[in-house]
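For reference, the chains in residue letters:
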Amino acid sequence: MSARTHTRPHPVAPAPTGGMDIRLPWWALALPALGFVTLLLLILDPADAHAASGDPLVAHVFERIQRLLTALVP
C-alpha cells in the first residue's frame, strides 16, 4: 500500500517585491565596514609603522611559523 503525499492547502505567496526578503541587523554591515576602514587607515598612514623592538620572542615565533609553512608547501 502506498503512502499518501501531503500537499499544502495554499501555495506559498511570493515576496511583494518579486524577490527574497532578506534583512540584516545593523551590525552585520557596520562591523566589517569598521574593520575595513581601520585596516585602510593603517595602510595609508605608514608614519605610525615601525619595526618591532626589544622582543625577540615574537620575531622567533613568526620565524618558526614561516619555516613551518615553507616546509609544508612544496
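Right above here is the structure, for reference.
The structure contained in this document is the topic of the report that follows. (Residues numbered from 1 in each chain as written. Predicted model: local features only at pLDDT ≥ 70, side-chain atom pairs only at ≥ 80, totals over all residues. Heavy atoms only, no water.)

### Let's talk about the overall build of the protein chain
Heads up, the rule is: The numbering of helices and of strands both runs from the N terminus, where a helix is a DSSP run of H or I of at least 4 residues and a strand a run of E of at least 2. Each residue gets one of three labels from its accessible area relative to the maximum for its type: buried under 20%, exposed over 50%, partly exposed in between, using a 1.4 Å probe on protein chains only. Working definition of accessibility: Shrake-Rupley area with a 1.4 Å probe, residue cover restricted to the visible protein chains.
Along its length, the protein chain carries two helices and zero strands. Here the protein chain holds 74 residues, and the buried ones make up 0% of them. Surface summary for the protein chain: the accessible area is close to 7,900 Å², and the carbon and sulfur share equals 69%.

### Things to note about the pattern of salt bridges
Applied cut-off: One speaks of a salt bridge when a side-chain nitrogen belonging to Lys or Arg is within 4 Å of a carboxyl oxygen belonging to Asp or Glu.
Tallied over the full model, the rule gives one salt bridge. With its nearest N and O atoms 2.5 Å apart, the salt bridge here joins Glu63 to Arg67. With Glu63 and Arg67 both in helix α2 (residues 56–72), this residue pair falls four residues apart, about one helical turn. Here Glu63 falls in the partly exposed class, since its relative accessible area comes to 35%. By relative accessible area, Arg67 is classed as exposed at 55%.

### Quick word on α2
Counting along an α-helix, one turn takes 3.6 residues, and residues three or four places apart therefore face a common direction. How we decide: One less than the number of residues in a helix, times 1.5 Å, gives the span that helix is expected to have.
If you check α2, its first and last C-alpha atoms are 24 Å apart, about what 17 residues at 1.5 Å a residue would give, namely 24 Å. Burial of α2 is sparse: only zero of the 17 residues sit out of reach of the surface.

### Concerning a nonpolar patch on the surface
Counted only if it meets this: Patch criteria: residues need more than 30% relative accessible area and no salt bridge. Like-charged residues are merged within 9 Å; nonpolar side chains of Val, Leu, Ile, Met, Phe, Trp and Tyr are merged within 5 Å.
Together, Leu57, Val58, Val61, Phe62, Ile65, Leu68, Leu69, Leu72 and Val73 line one region of the surface with nonpolar side chains, adding up to about 900 Å² of accessible area. Structurally, Ile65 can be placed in helix α2.

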